[in-house]
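Observations on the model geometry
Listed below are the residues making up each chain.
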Amino acid sequence: MRITRFLTAPLCIFLVATPQGLFAAAADPPALAGFSADSARTEREAENKFRAVPDRANLRQYMERLSARPHHVGSPYDRDNAEWMLAKFKEWGWDAQIENYDVLFPTPKERLLELTAPGHFTAKLREPQVSVDPTSAQQNEQLPSYNAYSIDGDVSAPLVYVNYGAPDDYKELERLGVSVQGAIVLARYGQTWRGIKPKLAAEHGAVGCVIYSDPRDDGYFQGETYPAGPFRPADGVQRGSVMDMPIYPGDPLTPGIGATKDAKRLKLSEVTTLTKIPTLPISYGDAQPLLAALTGPVAPENWRGGLPITYRVGPGAAKVHLKVSFNWDTKTLYDVIARIPGSTYPDEWIIRGNHHDAWVNGAEDPVAGTVALLEEARGLGALLRQGWRPKRTIVYCVWDGEEPALLGSTEWAEDHADELQRKAAVYINTDGNGRGFLNVAGSHTLEKFINGVARDVKDPETGLTIWKRMQMRRIEGPRGSASASPTLQQDRQDARQRPDLRIAALGSGSDYSPFIDHLGIASLNLGFGGEDEGGIYHSVYDDFYWFTHFADTEFSYTRALSETVGLAVMRLADAEVIPFDFTDFTDTVRRYVDEIERLAQTQRSDILERNREIDDGVFAATQDPKRPTVAPAKEPVPPFLNLVPLRNGLAALERASDQYDKAMNHAMDGDAAGPARASLPAINAQLISVERALTLADGLPGRPWYRNQIYAPGLYTGYGVKTLPGVRESIEEKQWKLAEEQAVRVGKVLENAGEKIQSAAAAIGPAAP
Ligand SMILES: [Zn+2]
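A few points on the structure. (Residues numbered from 1 in each chain as written. Predicted model: local features only at pLDDT ≥ 70, side-chain atom pairs only at ≥ 80, totals over all residues. Heavy atoms only, no water.)

Quick look at the packing of helix H22 (residues 725-732) against helix H23 (residues 736-764)
Where H22 contacts H23, the axes come no closer than 8 Å and their chain directions differ by 170°. When the interaxial angle is binned, H22 and H23 end up roughly antiparallel. For the pair H22 and H23, contact is made by Gly726, Val727, Ser730 and Ile731 and by Trp736, Leu738, Ala739, Gln742, Ala743 and Val746, respectively. (Axes fitted to C-alpha atoms, helices over the stretch in contact; angles between N-to-C directions. Helix = DSSP H or I, 4+ residues; strand = E, 2+ residues; numbered from the N terminus. Parallel < 35°, antiparallel > 145°, perpendicular 65-115°, else oblique. Contact = heavy atoms within 4.5 Å.)

A closer look at the coordination of the zinc ion
Donor atoms from the polypeptide that bind the zinc ion are His355 (NE2), Asp365 (OD), Asp431 (OD) and Asp431 (OD), placed at 2.0 to 2.7 Å. Seen from the zinc ion, its 4 donor atoms lie at angles of 53 to 145°, and the figure they make is irregular. Mapping the donors of the zinc ion onto the primary sequence gives the spacing H-x9-D-x65-D. With Asp365 in helix H8 (residues 363-385) and Asp431 in the loop between strand E14 (424-429) and strand E15 (436-442), this pair connects stretches of sequence that are 66 residues apart. Look at Asp365 and you get buried, because its relative accessible area is 12%. Judged by relative accessible area, Asp431 falls into the partly exposed class, the value being 24%. (Donors = N, O, S within 2.8 Å, 3.2 Å for Na, K, Ca; no water. Tetrahedral: all angles 85-135°; square planar, octahedral: opposite > 155°, others 65-115°. Buried < 20%, exposed > 50% of the residue type's maximum accessible area, 1.4 Å probe, protein only.)

Structural notes on the nonpolar core
The biggest cluster of nonpolar side chains holds 215 residues, and the ones touching the most others in it are Phe89, Trp94, Ile282, Leu380, Tyr396, Leu420 and Tyr660. With near-sequence residues (within four places) excluded, Tyr396 lies in contact with Phe89, Trp94, Val336, Ile337, Ala338, Arg352, Leu373, Glu376, Ala377, Leu380 and Val569. (Core = buried A, V, L, I, M, F, W, Y, C linked by side-chain atoms within 4.5 Å.)

Points about the pattern of salt bridges
Overall, the coordinates contain 51 salt bridges when judged by the stated rule. When the shortest N-O distance is used, the salt bridge between Arg502 and Asp494 registers 2.7 Å. Accessibility classification places Arg502 together with Asp494 in one group, the buried group. Between Glu563 and Arg559 there is a salt bridge, and its shortest N-O distance comes to 2.4 Å. (Salt bridge = Lys/Arg side-chain N within 4 Å of Asp/Glu carboxyl O.)

Brief notes about the side chain of Thr135
Mapped onto the elements of the fold, Thr135 is located in the loop between strand E4 (121-122) and strand E5 (147-148). Only 3.0 Å separates the side chain of Thr135 from the side chain of Asp543, close enough to count as a polar contact. Once residues lying within four places of it in the same chain are set aside, the contact partners of Thr135 are Ser67, Ala68, Gln142, Asn361 and Asp543. (Polar contact = N/O pair within 3.5 Å; in protein donor to acceptor, adjacent residues only side chain to side chain.)

Quick word on the packing of aromatic side chains
Scanning the entire structure with this criterion turns up 23 aromatic pairs. For the pair Tyr226 and Phe550, a centre-to-centre distance of 6.2 Å together with 75° between the ring planes defines the contact as edge-to-face. Of this pair, Tyr226 sits in the loop between helix H6 (215-218) and strand E9 (240-241) while Phe550 sits in helix H16 (residues 544-550); the two residues are 324 residues apart in sequence, bridging distant segments of the chain. Overall, Tyr226 belongs to the buried group, its relative accessible area being 4%. Of the residues examined, Phe550 reaches a relative accessible area of 22% and is grouped as partly exposed. Look at Trp412 and Phe515: their rings are 6.4 Å apart centre to centre, the planes differ by 45°, and that puts the pair in the tilted class. Here Trp412, found in helix H10 (residues 407-415), pairs with Phe515, found in helix H15 (residues 513-518); they are 103 residues apart in sequence, far enough to count as distant. As far as the burial class goes, Trp412 and Phe515 line up, both buried. Through a chain of ring-to-ring contacts, the aromatic side chains of Tyr62, Trp84, Phe89, Trp92, Trp94 and Tyr396 assemble into a single cluster. Looking at Arg455, its charged tip hangs above the ring of Trp467, at a distance of 4.3 Å from the centre. (Phe/Tyr/Trp six-rings, centres within 6.5 Å; stacked < 30°, edge-to-face > 60°. Lys NZ or Arg CZ within 6 Å of the ring centre and 35° of its normal.)

Brief notes about the pairing of strand E8 (residues 208-212)
Counting buried residues in E8 gives 5 out of 5 residues, a clear majority hidden from the surface. Pairing of strand E7 (residues 184-188) with E8 involves 5 bridges; the strand directions are parallel. Looking at E8, one finds that Leu186 is bridged to Val210. Regarding the hand of the β-α-β motif, the stretch spanning E7, helix H5 (residues 196-203) and E8 is right-handed. Here 4 bridges tie E8 to strand E10 (residues 279-282), and the two strands are oriented parallel to one another. For Ile211, the partnering residue across the bridge sits in E10 and is Pro281. (Pairing = 2+ DSSP bridges. Right-handed = clockwise from strand over helix to strand, strands pointing away.)

Some words on the pairing of strand E11 (residues 319-340)
Where a strand is regular, its side chains alternate between the two sheet faces. Sheet topology places strand E3 (residues 95-117) next to E11; 21 bridges connect them, and they run antiparallel. Counted as the bridge partner of Ile98 is Val336 from E11. In terms of strand pairing, E11 meets strand E13 (residues 392-399) through 5 bridges, oriented antiparallel. Each bridged residue has a counterpart across the sheet, and for Arg339 the counterpart in E13 is Val395.

A few points about helix H14 (residues 486-497)
Along its 12 residues, H14 runs 16 Å from first to last C-alpha, staying within 8% of the 16 Å computed at 1.5 Å per residue. Turning to H14, its buried residues number three or more, namely Leu488, Arg492, Asp494 and Ala495. An end-on view of H14 places all buried positions within 160° of arc, on one side of the element. Residues of H14 that are exposed and point more than 90 degrees away from the buried face comprise Pro486 and Gln497. (Expected span 1.5 Å × (residues − 1). Arc of directions from axis to C-beta.)

In structure tokens form, the structure reads like this:
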């Protein structure tokens, strides 16, 4: 296979090994950061052997097997799959076992939703079988459609349509003079993580929450519906968790500790992460009669979906009855954990995971990612037989219970927290896979590294590298708009000129969360997407028939995922110096600090302006007298905030990052001796500790489980990330004093991380005078 020459950034690390130590070699710069020239050559050879292994026919076969029957938490086939994978790992030469945890996993007992006035309609709450699709008929093994961790409830109330049920939607309702107090809200899926919808509805006084999939978002408005096309049919329902995971994910009964047999458990009544109101998901087939019965104001234009009705907000005559109850049972999880011990640094771990449980058959989510992981494992096993040994320990994890609440990964990470804090260098996650462009999000200390991997993998359909395709897609910008906004221009310029493509920050929504958010382990989440459309997410139709007709039908992007992640794992496990980079990281933190300063300024000027408009009588004068709206209320003007501690922390980080680069450059400079082999363990130990220094033991305000001070899922976005969350969310929540306190804490965190980076620099040896 062709070896792509690396585009080398100015501060890349080039080290050459000799028996005495590591020496620089200006004449022959090896292409891999963290590797000497010799070891880079050896690495390339091993990688090329690995690349030859992942096989599309195998991927297809594994998928057929793993998705053959429903395999949610607690189902017989969930366990059967885990045992099958365990046997595979063993067959491929891994040291593998299953680790069990016992967790609270509610399943539906009663589900009833009816329109009681005007007229009567009872929701079907059933996804019918599709004749061409054999697994859609496995109805006695399927979990009925529901939202896990909704509380039990039986409520009758007027209905109000709340669009996506996001914070801005409630502001809009206020302007319309509509309250959800005592109402059942009907929200559509999308925009926010689903758990935010019942949370916000309850905070606004609603007594029940119904969530539906609008055909505009993933149904016939987008294209042909299943089975003629990939989109959501009228009766398709998106299942999913509504647990308040921005407080803490994992087993609700054992926050912060592993849900082992003898773990101390909360009583159900003490749990804070269940919804406050009963919640149920429905199809658009079931939603249409409810929406059509609504009276009240016509919904604002951007609230209207794709159903052939006039969308109204309510409340009015439309009344619904919602009744749900659940079996609050404990179920056993089956995490498959497999290891290859490291030859040189066995106590430095490179961890890689994807879940295996699904809501139903789950061909795309999660199995497309699970099978990629399995082919990597087979490939690494094949290398083992040829004598290859990774320097670091490789740990492969196939998680159970991701769908309900990141159960398997969180309980394992909490159970092994002490060891992970000492040993874990990097966690790489995938969760399903599609077709198209590589999506990367994660820790910015790994931004340069993953750019390097992406430059080295070919896109299966175009022959360009996956990096090049990603770059071109970013230059193209959002489709269908010729916008030349300053942000877009900046993004384009970055894509063209910056040595590395920026990666997004991680919010939540998959198994990386306990690693990055709770334990401070540098993490990445990878997957292909953007050219795989569909509307089967979390329904019975996400299955082998759907995937092999409408998704990555050739399994070529599934294979590409295997290749990409396999290379990443090998490089991280084999490098002499773990290829963390602090230049991109510092550059990114600088952007976050800039954003937060701007946020404080615009928030202040927006409130000043709105208060002035209220005083001027603008809202009273401009409203349609025949359709009156409610003017917003005046708000206290925010004080100027002291965010200087953030700037000081950033300055410390910049100095340290610079020092690290200088030390590394000096170590590889001309004739000077590089860091001795003997100093590598100290360098790597310091490098691993940098990420840990980004956490604080008491976590974020009101949510101690979230310890990372750089990245966290938003309290009101759920999936969406909030960077420097302690400061950012305090400003958004208009808690000025808290914002300034948090700025001091986060500033200190940046300084501490800077100190660890300096220690790594010192371990390398003296910098140039
Ligand atoms: Zn998933």
